[in-house]
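As a plain string of letters, each chain reads:
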Amino acid sequence: MAQSISMETGTRSFSHRTLAGDLAAAVGGPATIEGWLTTRRDLGSVTFLVLRDRSGSAQVVVEDERLSETLAGLQVESVLAITGDVVAEPRARGGAELRAREIEVLSPVVEPLPFEINRPVLKPALDIWLDRAPLALRHGSKRAALALTARLVAGYRAALDRRGFVEIFTPKIVGSATEGGANVFPVEYFGRTAYLAQSPQLYKQIMVGVHERVYEVAPVFRAEPHATTRHLNEYVSLDLEVGFVRDHRDVMALVTEVLREMLGGLADTATGELETLGVTLPAIGDIPVVTFREAQEIVLREFGEGARGEPDLSPQHERWLGEWARRTHGSEFLFVEGYPTAKRPFYTMPDPENLTVSSSFDLLFRGLELITGGQREHRYDRLVATMAARGIDPAPFAGYLDAFRFGMPPEGGCAIGLERFVAQLVGAGNVREVTAFPRDINRLAP
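Residues numbered from 1 in each chain as written. Predicted model: local features only at pLDDT ≥ 70, side-chain atom pairs only at ≥ 80, totals over all residues. Heavy atoms only, no water.

**Things to note about the packing of aromatic side chains**
Let me state the cut-off plainly: Planes of paired rings set the category: under 30 degrees apart is stacked, over 60 is edge-to-face and the rest tilted, where pairs are Phe, Tyr or Trp rings (Trp by its six-membered ring) whose centres lie within 6.5 Å. Think of it this way: any DSSP run of H or I at least four residues long counts as a helix, any run of E at least two long counts as a strand, and we number them from the N terminus. Burial classes: relative accessible area under 20% of the type maximum marks a residue as buried, over 50% as exposed, and values in between as partly exposed (1.4 Å probe, protein chains only). The rule is short: NZ of Lys or CZ of Arg within 6 Å of the ring centre and within 35 degrees of the ring normal puts a charge over the ring.
This structure, assessed with the given rule, holds eleven aromatic pairs. Each ring, one from Phe346 and one from Phe397, has its centre 5.7 Å from the other, and the planes form 70°; the classification is edge-to-face. Of this pair, Phe346 sits in the loop between strand E13 (333-337) and strand E14 (350-351) while Phe397 is found in the loop between helix H10 (380-389) and helix H11 (398-405), placing the two residues 51 residues apart along the sequence. Assessed through its relative accessible area of 7%, Phe397 is described here as buried. Pairing Tyr400 with Phe404 gives two aromatic rings, centres 4.9 Å apart and planes at 65°, and the pair type is edge-to-face. Here the residue Tyr400 and the residue Phe404 both occupy positions in helix H11, the gap between them amounting to four residues, near one helical turn. Side by side, Tyr400 and Phe404 carry an identical accessibility label, which is buried. Looking at Arg344, its charged tip hangs above the ring of Tyr339, at a distance of 4.1 Å from the centre.

**Overview of the sheet that holds strand E4 (residues 79-88)**
Spelled out, the test is: Two strands form a pair only when DSSP identifies at least two bridges running between them. Fitted lines through C-alpha atoms serve as axes, helices being fitted only where they are in contact, and the angles separating the N-to-C directions of these axes extend from 0 to 180 degrees.
A barrel is described by the order of its strands in space; here five strands give the closed sequence E1-E2-E3-E5-E4, paired in mixed fashion. The mean inter-strand angle of the sheet, taken between neighbouring strand axes irrespective of direction, is 50°. Relative to strand E2 (residues 46-53), strand E1 (residues 30-43) is paired through seven bridges, and the arrangement is antiparallel. Within E2, the position partnered with Asp42 by the bridge is Thr47.

**Some thoughts on the pattern of salt bridges**
For side chains bearing opposite charge, pairing can occur when the charged atoms are close. Here is the rule we go by: Salt bridges are defined by distance alone: a side-chain nitrogen of Lys or Arg within 4 Å of a carboxyl oxygen of Asp or Glu.
Considering all chains together, one arrives at 30 salt bridges under this definition. For Arg230, the salt bridge goes to Glu318, with nearest N and O atoms at 3.5 Å. In this pair, Arg230 sits in the loop between strand E10 (213-221) and strand E11 (234-243) while Glu318 sits in helix H9 (residues 315-329), placing the two residues 88 residues apart along the sequence. Since its relative accessible area comes to 16%, Arg230 is described here as buried. Taking the relative accessible area as the measure of exposure, Glu318 reaches 3% and is therefore buried. Here Asp402 and Arg405 are joined by a salt bridge, their closest N and O atoms 2.3 Å apart.

**Here's the deal with the layout of surface pockets**
Formally: Each cavity reported here is a set of points on a 1 Å grid over the protein atoms alone in which a 1.4 Å probe fits but cannot get out, each pocket an open set with protein on both sides within 12 Å along at least five of seven lines, and each lining residue one with an atom within 4 Å of a point. Grid points are joined across faces, edges and corners, and a volume is the space filled by probe spheres set on the points.
Computed from the structure, the largest pocket encloses a volume of approximately 1,200 Å³. Lining the largest pocket are 45 residues; nearest its centre among them are Arg222, Glu224, Tyr235, Glu369 and Thr372. Breaking the lining of the largest pocket down by element, the ones donating at least two residues are helix H5 (201-211), E11, H9, strand E16 (360-365), strand E17 (368-376), strand E18 (411-417) and helix H12 (418-426). Here the element with the most residues in the lining of the largest pocket is E17; it accounts for seven residues. Here the second largest pocket is characterised by a volume of approximately 920 Å³. As for the second largest pocket, its lining consists of 33 residues, and the residues nearest its centre are Arg52, His139, Gly140, Arg143 and Thr276. Residue assignment for the lining of the second largest pocket shows that the elements contributing at least two residues are E1, E2, strand E3 (56-62), helix H2 (126-131), helix H4 (140-162) and helix H7 (271-277). For the lining of the second largest pocket, the leading source of residues is H4, giving seven residues.

**Points about the side chain of His248**
Let me state the cut-off plainly: Should any heavy atoms of two residues lie within 4.5 Å, those residues are considered in contact.
Secondary-structure assignment places His248 in helix H6 (residues 248-269). Apart from residues lying up to four places away in sequence, His248 is in contact with Glu337, Ser359, Ser360, Phe361, Gly374 and Gln375.

**Examining the environment of Ala20**
The topology assignment puts Ala20 in the segment before E1. C-alpha separation for the pair Ala20 and Val86, spaced 66 residues apart in sequence, amounts to 11 Å. Setting aside chain neighbours within four positions, we find Ala20 in contact with Asp53, Ser55, Gly56, Ser57 and Ala58.

On their own, these measurements won't tell you what the molecule is for.
Here's what the structure looks like:
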């Protein structure tokens, strides 16, 4: 006779198990909870345990001496299954506790941990806990940051899905450097040299000719030989591209709406994580906009440094601009538009009124560049001419250029660095603090 396998789809996990967060709803009945031993207090004839699972923590009371012997020698982070009776207890987490009748050790830990992870603050230095990330990531603040990251991505997808965007999946092994330059990772590819993709830029532009509105959530790779608090050599990029824009301001308006919905979604779905991390979400009203030249003037006037002729903004300039935006406009965000065309990639649309200025923008969040975007050059002949003027061989870009040869609407887009966004949001001093397994110039493990 055929048998079926089923799984409950509510807040509970499997049918044999009650989650810690659901324990109060089970008062008066039996329950089995499974999770990691977080704390243990032996008070003579009674032992109090706290068990952690994906929903939170639950208190367990062990009064049977036989069961206490089962716990002998176990360290925190041992994985247990405990069956007992659920009783109301106002002093316990969630207002209920489990009186143990059976304890099964699913995975014992018998050696001391290299550092404590059940304290409010993870104390080891960054490099030390990154070396032991499989353990350190269990700390409450790390779990909260990673969960917050996932909820941000879910909000990004939801906001774009509501606007008719289609999620795409583009290659991460490519035949040429997407953004130009030498900062690419070469890969041996069946006797040829390929590269890890610096971005999905060319592919997402091609896909505008297919779906008109597209986005992707995927890793990108930058072989930049530096170790700063804001850079990773592999990070997750939230890319979008949209057709039939009038100029880069349409992209800026879209970005504002999407960010507003992403952060609004966190207020609804991530209250526990926000509380754990002590995060107050920034409000997004009308984001102030300054031109690149105006930004330079502000830095020079307000902070007495910088120069009008510089082709870009330094990280310190961005921090000062963030201070200025908060002080002058009460905004945590600031758009800077009109960067020099020479500083932007070949596919960037120049301002039709001034070809030395690009139809592009950066969005600064708390004084850090969070988003780069703009309008793209959609006219085939102009695109080819720009590539020639910059000494770019069009041959490796033949497939990309076909999209424009056969008709492409005016289009634009942008990219958000996910880990950088989360780090600024939670006030982390280093982007590695909110990245599960960061890859940088010095780190390839774990």
